[in-house]
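Chain by chain, the residues run as shown.
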Amino acid sequence: MPANLLILGGTTEAYDLADRLAGRGGWHVINSLAGRTANPRLPAGETRIGGFGGVEGLARYLAERSIRAVIDVTHPFAARMGWNAAEGCRLAGVPLLRLERPAWRPGPDDVWEPVETWTGAAEALRRLAARRVLLAVGRQELTHFTDVDDNWFLIRLVTPPDPQPAFQAAEWLYSRGPFALDDERALLDTWAIDTIVCKNSGGEATSAKLIAARERGIRVVMLQRPARPAEVARAATVDEALNWIDGLSGTSAYLDAEASPYQRGV
Ligand code: NAP
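Worth saying up front: this structure is predicted, and the values here are computed from it rather than measured.

**Things to note about the overall build of the chain**
Secondary structure assignment for the chain yields eight helices and 12 strands. In terms of principal-axis extent, the alpha carbons of the chain reach across some 60 × 35 × 30 Å. Across the 266 residues that make up the chain, the buried fraction comes to 47%. For the chain, restricting intrachain contacts to residue pairs at least 6 apart in sequence, the fraction spanning at least 24 positions comes to 66%. For the chain, the exposed area adds up to about 13,300 Å²; of that, 50% sits on carbon and sulfur atoms. The average position of the 30 basic charges and that of the 33 acidic charges among the side chains of the chain differ by 2 Å.

Set out below in structure tokens:
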């Protein structure tokens, strides 16, 4: 019987990892999605959908399903799940790996304004006297900007928000990445954008706007990534994660390890 491996997903890398593991055998892959998206694309392997019920719920799930390893491949900004995973795996005695794509880093020609919070991003727009702003943030974040009333906003989202927050001056644009460089150049030029607000997601699907901004000297207010538990092992690529998994499956002592307190039903 292959051992159970849990992927905390919701990212491109999580789908890639599930695909790669499905092609190799040795593990039964269970993917976990938060359930934010209606009709999500299903990854290779088994899929469960919805929260676990906090740290205790996760630790219980790991024991009930005899999970032998967890890979946290949630989005860089899904930090709550990362902290829960660290504590849940510690309680259940299950090894955890964090697979996270590298953050974007500014080059010498980039004009970035790093901020730690969305409130800080709104303050930066006021302080920097921004005028025409591309808001490339999630729909939950929009309310932080409704009071910034000296600005005109181009708000790019995947789907329309419901309800739609009230902005004094805004244009709404619905499209899903990846975005091509020429399209991003045209977008910034057509709408005469002088500032972009986004979060440091990393990856290539949404990085073209940063290149187009650099070429034009356009300022980018960049939300920095939230902290994650420092003690958790890390991988930056799917290949690195597979190496870590191979290290586990080579350790039969680990797979036969004595049950954790949770596995004993404590
Ligand atoms: P979050 O703030 O870190 O997590 C909030 C709660 O959602 C968690 O405590 C957990 O509930 C549940 N949850 C999150 N990810 C889960 C998963 N993969 N499987 C089961 N439950 C999960 O997360 P978020 O920022 O709301 O993101 C939710 C999902 O969307 C994540 O899977 C993430 O990868 C994906 N996503 C997020 C972003 C972003 O910018 N935040 C962007 C793209 C995709 P319980 O405490 O009940 O277990």
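**Looking at unusual backbone geometry**
For the peptide bond that leads from aspartate 162 to proline 163, omega is 5°, which places it in the cis range. Turning to its location among the elements, proline 163 is positioned in the loop between β8 (152-157) and β9 (170-174). With an omega dihedral of 5°, the bond running from glycine 177 to proline 178 counts as a cis peptide bond. Positioned with a positive phi, alanine 129 is a non-glycine residue whose angle comes to about 55°. Secondary-structure assignment places alanine 129 in the loop between α4 (118-127) and β7 (132-136).

**Considering the site of the ligand**
Inspection of the region around the ligand gives 22 residues, with Ser32, Arg36, Phe52, Met81 and Lys199 positioned closest. Between serine 32 and the ligand, the recorded distance is 2.7 Å, taken from a side-chain N or O atom to a nitrogen atom. The separation between an oxygen atom of the ligand and a polar main-chain atom of histidine 75 is 2.8 Å. The protein chains hide 75% of the 810 Å² of surface that the ligand would expose on its own. Listed by contribution, the elements that provide at least two residues to the shell around the ligand are β2 (27-33) and α3 (79-92). Here the element with the most residues in the shell around the ligand is α3; it accounts for four residues. Of the residues assigned to the shell around the ligand, the class counts are eight nonpolar, 10 polar and four charged.

**Brief notes about the pairing of strand β4 (residues 67-72)**
In terms of residue burial, β4 counts as a mostly covered element, since five of its six residues are buried. Note that strand β1 (residues 3-8) and β4 share five bridges and pair parallel. If you follow isoleucine 7 over to β4, its bridge partner there is isoleucine 71. Pairing of β4 with strand β5 (residues 96-99), which is carried by three bridges, proceeds in the parallel orientation. Along β5, the bridge assignment pairs isoleucine 71 with leucine 97.

**A word on the side chain of lysine 199**
Relative to the helices and strands, lysine 199 resides in strand β10 (residues 195-199). Buried and unpaired, lysine 199 has glutamate 141 as its nearest opposite-charge partner, separated by 4.0 Å. Non-local contacts of lysine 199, meaning those with residues more than four positions away in its chain, are made with His75, Phe77, Trp104, Trp118, Ala136, Glu141, Met222 and Leu223.

**Looking at the packing of helix α5 (residues 181-190) against helix α6 (residues 208-216)**
At their nearest, the axes of α5 and α6 sit 8 Å apart, and the two run at 55° to each other. The angle between the axes of α5 and α6 places the two elements in the oblique class. The handedness of the crossing between α5 and α6 comes out as right-handed. Contacts between α5 and α6 involve Leu181, Glu184, Arg185, Leu188 and Asp189 from the first element and Ala208, Lys209, Ile211, Ala212, Ala213, Glu215 and Arg216 from the second. Class assignment of the residues belonging to the contact of α5 with α6 gives a composition of six nonpolar, no polar and six charged.

**A short note on the packing of aromatic side chains**
Tallied over the entire structure, the rule returns six aromatic pairs. Both rings, one in tryptophan 118 and one in phenylalanine 145, keep their centres 6.0 Å apart while their planes meet at 75°; by these two values the pair is edge-to-face. Here phenylalanine 145 lies in the loop between β7 and β8 and tryptophan 118 lies in helix α4, a separation of 27 residues in the sequence. An aromatic cluster is built from Trp118, Phe145, Phe153, Phe167 and Trp172, whose rings are joined through pairwise contacts. If you follow arginine 41 out to its NZ or CZ, it ends over the ring of tyrosine 15, 3.9 Å from the centre. The side chain of arginine 48 reaches across the aromatic face of phenylalanine 52, ending 3.9 Å from its centre.

Conventions and cut-offs
Residues numbered from 1 in each chain as written. Predicted model: local features only at pLDDT ≥ 70, side-chain atom pairs only at ≥ 80, totals over all residues. Heavy atoms only, no water. Helix = DSSP H or I, 4+ residues; strand = E, 2+ residues; numbered from the N terminus. Buried < 20%, exposed > 50% of the residue type's maximum accessible area, 1.4 Å probe, protein only. Contact = heavy atoms within 4.5 Å. Areas by Shrake-Rupley, 256 points an atom, 1.4 Å probe, with all protein chains shown as cover. Lys, Arg positive; Asp, Glu negative; His and termini not counted. Charge placed at Lys NZ, Arg CZ, Asp CG, Glu CD. Near = heavy atom within 4 Å. Polar contact = N/O pair within 3.5 Å; in protein donor to acceptor, adjacent residues only side chain to side chain. Nonpolar A, V, L, I, M, F, W, Y, C, P; charged D, E, K, R; others polar. Pairing = 2+ DSSP bridges. Salt bridge = Lys/Arg side-chain N within 4 Å of Asp/Glu carboxyl O. Axes fitted to C-alpha atoms, helices over the stretch in contact; angles between N-to-C directions. Parallel < 35°, antiparallel > 145°, perpendicular 65-115°, else oblique. Left-handed = near helix turned anticlockwise from the far one by under 90°. Phe/Tyr/Trp six-rings, centres within 6.5 Å; stacked < 30°, edge-to-face > 60°. Lys NZ or Arg CZ within 6 Å of the ring centre and 35° of its normal.

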